[in-house]
Amino acid sequence: MLLRRTAVVFVVSGLTLGAARAQIGGQRAFSFLNLPTSAKLAGLGGVNTSSRDADGTMLYANPALLNADMDGRLALGFVDYLADIKQSTAVYVFNTAKAGRIGVGLTYLNYGDFEQFDPAGNSLGRFSVNEYALSLSDSYTSGVFTLGGTLKLAGSGIAGNHSYAALADVGGLFKHPTQDFTVGLVVRNAGVQLKAYDGSDREPMPFDVELGASIKPEHLPLRFSLAAHHLQQLDIVYLDPNQRGQLDENGAEVKPKKSLGDKLARHFVVGGELLLSKNLNVRVGYNHLQRRELRLDNTAGGAGFSFGFMLRISQFQLDYTHAGLHASGGANYFTVARNLSSLFRKQP
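Residues numbered from 1 in each chain as written. Predicted model: local features only at pLDDT ≥ 70, side-chain atom pairs only at ≥ 80, totals over all residues. Heavy atoms only, no water.

### A few points about the overall build of the chain
Along the backbone of the chain there are four helices and 16 strands. Out of the 348 residues in the chain, the part that is buried amounts to 43%. The contacts in the chain between residues at least 6 apart in sequence include a share of 54% that link residues at least 24 apart. Of the roughly 17900 Å² of accessible surface on the chain, a fraction of 61% belongs to carbon and sulfur atoms. (Helix = DSSP H or I, 4+ residues; strand = E, 2+ residues; numbered from the N terminus. Buried < 20%, exposed > 50% of the residue type's maximum accessible area, 1.4 Å probe, protein only. Contact = heavy atoms within 4.5 Å. Areas by Shrake-Rupley, 256 points an atom, 1.4 Å probe, with all protein chains shown as cover.)

### With respect to the nonpolar core
Membership of the largest hydrophobic core comes to 18 residues, with the highest contact counts inside it found for Phe-30, Leu-33, Tyr-81 and Tyr-333. Secondary-structure elements contributing two or more residues to this core are helix 2 (39-43), strand 6 (161-175), strand 15 (316-326) and strand 16 (329-339). (Core = buried A, V, L, I, M, F, W, Y, C linked by side-chain atoms within 4.5 Å.)

### A word on the pattern of salt bridges
Scanning the model with the defined rule gives 12 salt bridges in all. For the salt bridge of Asp-53 with Lys-40, the shortest nitrogen-to-oxygen distance reads 2.6 Å. Note that Asp-53 is positioned in the loop between helix 2 and strand 1 (73-80) and Lys-40 in helix 2, a separation of 13 residues in sequence. A relative accessible area of 22% means that Asp-53 is categorised as partly exposed. (Salt bridge = Lys/Arg side-chain N within 4 Å of Asp/Glu carboxyl O.)

### With respect to a nonpolar patch on the surface
A cluster of nonpolar side chains, contributed by Phe-94, Val-104, Leu-106, Leu-134, Leu-136, Leu-153, Tyr-164, Val-192 and Leu-194, occupies part of the molecular surface with about 720 Å² of accessible area. Elements with a minimum of two residues in the nonpolar patch: strand 3 (101-117), strand 4 (123-142) and strand 7 (181-195). Tracing the backbone shows Leu-134 in strand 4. (Patch = residues over 30% accessible without salt bridge, like charges linked within 9 Å, V, L, I, M, F, W, Y side chains within 5 Å.)

### Here's the deal with the confidence of the model for the chain
Looking at the chain as a whole, the pLDDT averages 85, with 84% of positions reaching at least 70. Helix 1 (residues 2-18) is the least confidently modelled element of the chain, averaging 36 in pLDDT, while strand 8 (residues 208-215) averages 97, the highest of any element. Long-range and interchain partners of residues 1-23, a stretch whose pLDDT sits below 50, account for 38 contacts in this model, where long-range means more than four residues apart. (pLDDT = per-residue confidence, 0-100.)

### Here's the deal with the side chain of Asp-208
Of note, Asp-208 is situated in strand 8. No salt bridge forms around the buried Asp-208; measuring N to O, its nearest opposite-charge neighbour Arg-188 is 4.7 Å away. Every residue in contact with Asp-208, bar those within four places of it in the chain, is listed here: Val-186, Val-187, Arg-188, His-229, His-230, Leu-231 and Gln-232. (Lys, Arg positive; Asp, Glu negative; His and termini not counted.)

### Looking at the environment of Ser-156
Relative to the helices and strands, Ser-156 is located in strand 5 (residues 145-158). The exposure class assigned to Ser-156 is buried, which follows from its relative accessible area of 4%. When the C-alpha positions of Ser-156 and Glu-131 are compared, they lie 4.2 Å apart, and in sequence the two are 25 residues distant. For Ser-156, the contacting residues outside a window of four places in its chain are Phe-30, Asn-130, Glu-131, Tyr-132, Asn-161, His-162, Ser-163 and Tyr-197. A polar contact is formed between the side chain of Ser-156 and the side chain of Glu-131, at a distance of 3.3 Å. (Polar contact = N/O pair within 3.5 Å; in protein donor to acceptor, adjacent residues only side chain to side chain.)

### Some thoughts on the packing of aromatic side chains
One pass over the structure, following the stated rule, counts eight aromatic pairs. With centroids separated by 5.9 Å and ring planes inclined at 45°, the aromatic side chains of Phe-309 and Tyr-320 adopt a geometry described as tilted. Of this pair, Phe-309 sits in strand 14 (residues 305-313) while Tyr-320 is found in strand 15, placing the two residues 11 residues apart along the sequence. Ring centres of Tyr-320 and Phe-334 lie 5.2 Å apart, and the angle between their planes is 50°; on these two criteria the pair is classed as tilted. In this pair, Tyr-320 sits in strand 15 while Phe-334 sits in strand 16, placing the two residues 14 residues apart along the sequence. Cluster of aromatic residues (ring-pair linked, three or more members): Phe-309, Tyr-320 and Phe-334. Arg-338 extends its terminal NZ or CZ atom over the ring of Phe-316, reaching a point 5.4 Å from the ring centre. (Phe/Tyr/Trp six-rings, centres within 6.5 Å; stacked < 30°, edge-to-face > 60°. Lys NZ or Arg CZ within 6 Å of the ring centre and 35° of its normal.)

### Section: the pairing of strand 13 (residues 280-287)
Successive side chains on a regular strand alternate, one facing one side of the sheet and the next facing the other. On strand 13, burial follows the alternation: Asn-281, Arg-283, Gly-285 and Asn-287 on one face are buried, whereas Leu-280, Val-282, Val-284 and Tyr-286 on the facing-out side are not. The sheet contact formed by strand 12 (residues 268-277) and strand 13 spans eight bridges and is antiparallel. Residue pairing in the sheet places Gly-272 in a bridge with Val-284 of strand 13. Linking strand 12 back to strand 13 in an antiparallel pair, the connection comprises two residues. Pairing geometry for strand 13 and strand 14, over seven bridges, is antiparallel. (Pairing = 2+ DSSP bridges.)

### Points about the environment of Arg-283
Topologically, Arg-283 is positioned in strand 13. Sequence-wise, Arg-283 and Gly-45 are 238 residues apart; in three dimensions their C-alpha atoms are separated by 9.4 Å. The contacts of Arg-283, once residues within four sequence positions are left out, are Lys-40, Gly-43, Leu-44, Gly-272, Glu-273, Ser-306, Phe-307, Gly-308, Phe-309, Met-310 and Asp-319. Side chain to side chain, Arg-283 and Glu-273 meet in a polar contact 3.5 Å long. Among the polar contacts made by the side chain of Arg-283, one reaches the side chain of Asp-319 at a distance of 2.9 Å.

Right, dumping it as structure tokens:
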């Protein structure tokens, strides 16, 4: 109960702060909290509020996705980004009689080691850069509705200079009683920076409001998902002021402009799952915002597209996704999960 009340306070605070902000890129601290932490979420385009199954890592997408199929399951995730950037995640879900269904998570992002120099070019040794977040989620189901909340304590460190923040997610999920149809709404990363970096002012958090739906037609082995993000802000288009436009017939430069269609399209993420069997499925996703912002002038490569699969072998569930981030490459996501309940059951 305390978790739910505290989460509501965070959301109200976050809505107040988020309404005054105009841009989403480069003006938020702890932006790593919006990165997908699991292979499934990345495989569906990186944003999804409604795909409900036994994957406990989906609590990072929407705490209302916590459900009975996750009970007793431990999920471990690893992401291999470009260069030496790595991310590790662990999630465990269990049910309680009074406190509801609980999910505990820890994610850690390491940017690698860097060499430090003084103004004269002399080496001062090496330093590391990392970010992490510890989360506690709780959910409650009544009929076709599930409400969930997550409290997060996040930290960031650069060469011994540290910053900390407290944040919360609050989400809801509607599950149709007879059909495979779900609708999810989540308010993510509402909170405040508790301690700024030395010499810096406090910065806003990566606040986001997301809405999505998933549906599986009755006689098709396909599940479709559509999600919209940054609903609190219509214009999330960034135009590089240094980018040169094309020339018109008079030789004058034509600066790129924002269109309403592009503004709307950048909010949407599409995902699909081909359910070949209960032990194997294939996923694809498309994120239009990533496609537009990570493309080069002459090519976009695989930016914005993702594909992966889920495979169950014995007691283990393995998930893999490759997500295109740039024309030169992308990121590889791995998740392995197992139900630990059977390990602790007493043998007759």
